[in-house]
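# Report on the structure
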Amino acid sequence: MVTLPRLLKTPLLHTLGCELPIMLAGMGGVSRHQLAAAVSNAGGFGVLGMVREPVERIRQEIIAFRQLSDGPLAVNLIPAATDRHLLMDQIATCLSLKVHSFVLFWQVDTALIRFLKKEGRQVIYQVGNQGDADLAQSAGADVLIVQGHEAGGHVRGSTSTFTLLPQIVPNCDIPVVAAGGIASGDALLAAFTLGAQGVSLGTAFLATHEANAHPHHKQRVVRANADDTLYTTRFTRNWHEPAPVRVLANAVTRGEYNNAPRDIILGEQDGQPVYLFSTDSPLADATGKVDDMALYCGQSCGQVHQQCSAAERIDQILNDVNRCLKQQHP
Ligand SMILES: Cc1cc2nc3c(=O)[nH]c(=O)nc-3n(C[C@H](O)[C@H](O)[C@H](O)COP(=O)(O)O)c2cc1C
């Protein structure tokens, strides 16, 4: 394993119980047990992306993770985008399986934070603006993930990571993790310089062997540059409001389906149809018009040049960090 520079040994490591300040982003469908376990086994923090998943899948994923890893694990859920009954069942399943940490996103659900804290669990909230950061902190969150506009997938705020961090960190009593625009050691160091104690990476881990994304999606991410991504509200099906996402350009973002009926089925995955404008990105088993699905991708893709294993991705980032530090202090 690559040596960890002192700068990266932050109090967050103690809070999360991991060796490296690198979290896997809870990517729905993509961050399943193979990827979460690979990140945890490499010293990072594994997160299962379980948004809107049925409880049986959540149960199976947690059990499968534990067969592969003794490392730390969180479950990612999106309260506002999930039917309330399903959400409560998801939480009950996680509690019964003794899941200690939750990564939550989108509108801040203060009642849920308080409930989970009463149950003795750890709450990590991903936020994209000052208001949500203040709300999550005052409700008792343990860690904030500050997501900037550069991020892939659903994008909560309109400010860049590197503008939000120096605004939120000084007013924050809990550790802050940076998300968006980061897939290399150089970018990680920039986030740490601005007060982050860790990073949460989506795109960098999507392009790994263990990610449950479709090979075409991984390939497009590896070939893309930051300016090949788009911020759009075209993918809204299955979501409770017309929320913006960052994706790679495709027939949908070019407007080629503008006059098409909404009920067109583009393909199938996980035994379910994938409809036009769906927020579901193409998973490993997807069939049909995969390129016309939501190809989530952050601007950090410009720092991702090849597919590799999750452990190799982490090694690359740490090697980068050590190289940068040597250049700064020869
Ligand atoms: C394919 C993909 C799916 C995502 N799905 C989720 C999700 O289900 N829940 C969530 O909290 N964030 C999700 N995100 C956003 C990430 O949590 C994170 O903010 C983002 O990946 C950071 O930017 P980066 O992709 O450049 O690393 C997703 C991101 C991507 C790329």
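Residues numbered from 1 in each chain as written. Predicted model: local features only at pLDDT ≥ 70, side-chain atom pairs only at ≥ 80, totals over all residues. Heavy atoms only, no water.

As recorded by an unreviewed UniProt entry, the protein chain carries the name 2-nitropropane dioxygenase and is attributed to Alcanivorax hongdengensis A-11-3.

## Considering the sheet that holds strand β7 (residues 153-154)
The condition is simple: One requirement defines pairing of two strands: DSSP has to find at least two bridges between them. A run of H or I in DSSP becomes a helix once it reaches four residues, and a run of E becomes a strand once it reaches two; helices and strands are each numbered from the N terminus.
In space, the three strands of this open sheet follow the order β7-β11-β10, with antiparallel pairing throughout. Looking at the sheet topology across the chains shown, the edges are occupied by β7 and β10 (229-232). In terms of strand pairing, β7 meets strand β11 (residues 245-248) through two bridges, oriented antiparallel. Within the sheet, the bridge partner assigned to Gly153 lies in β11 and is Arg246.

## Digging into helix α5 (residues 110-118)
So the rule is basically this: Think of it in three bands: with a 1.4 Å probe and only protein chains considered, a residue is buried below 20% of the maximum accessible area for its type, exposed above 50%, and partly exposed in between. Summarising the geometry, the arc corresponds to the directions from the helix axis toward the C-beta atoms. Residue contacts are defined here by distance: any two heavy atoms, one from each residue, within 4.5 Å place the two residues in contact.
Those residues of α5 that fall on the buried side of the exposure criterion are Leu112, Ile113 and Leu116. Buried positions in α5, seen along its axis, are confined to an arc of 105° and lie on one side of it. Those residues of α5 that are exposed and aimed more than 90 degrees away from the buried face are Ala111 and Lys118. Taken together, the buried residues of α5 touch α4 (84-96), β4 (101-105), β5 (122-127) and α6 (130-139). Two residues or fewer past α5, Gly120 is found with a positive phi of approximately 80°.

## What to know about the site of the ligand
Here is the rule: Working definition: residue near molecule or strand if any one of its non-hydrogen atoms lies within 4 Å of it. Within 3.5 Å is the distance limit for a polar contact, defined as a pair of N or O atoms, with the added protein rule that one can donate a hydrogen and the other accept it, and that residues adjacent in sequence qualify only through two side-chain atoms. Every accessible area reported is derived by Shrake-Rupley at a probe size of 1.4 Å, with residue values counting cover from the shown protein chains alone. Residue polarity follows a fixed list, in which Ala, Val, Leu, Ile, Met, Phe, Trp, Tyr, Cys and Pro are nonpolar, Asp, Glu, Lys and Arg are charged, and the others, Gly among them, are polar.
As a structural note, the neighbourhood of the ligand is formed by 22 residues, with Gly26, Asn76, Gly202, Thr203 and Ser300 the closest of them. Gly28 places a main-chain nitrogen or oxygen 2.9 Å from an oxygen atom of the ligand. Gln147 has a polar side-chain atom sitting 2.9 Å from an oxygen atom of the ligand. Coverage of the ligand by the protein chains reaches 96% of its 600 Å² of free accessible surface. Of the residues belonging to the shell around the ligand, the class tally is nine nonpolar, 13 polar and no charged.

## Some points on the side chain of Arg246
Spelled out, the test is: His is not counted, nor are the chain ends, whereas Lys and Arg count as positive and Asp and Glu as negative. Salt bridges are counted wherever a side-chain nitrogen of Lys or Arg sits within 4 Å of a carboxyl oxygen of Asp or Glu.
With respect to the secondary-structure elements, Arg246 resides in strand β11. Buried charged residue Arg246 carries no salt bridge. Nearest counter-charge: Glu150, at 6.9 Å.

## Brief notes about the domain arrangement of the protein chain
Applicable threshold: Domain ranges listed in this record stem from an automatic or a database domain assignment. Note on terms: buried area is the combined drop in 1.4 Å-probe accessible area of two parts once they are placed together, counting the loss on both.
Parsing the protein chain into structural domains produces domain 1 (17-211) and domain 2 (215-299). Placing a centre on the C-alpha atoms of domain 1 and another on those of domain 2 gives a separation of 22 Å. Listed by partner, the interface residues are 26 residues for domain 1 and 22 residues for domain 2. The contact between domain 1 and domain 2 buries some 1900 Å² in all, and 57% of this surface belongs to carbon and sulfur atoms.

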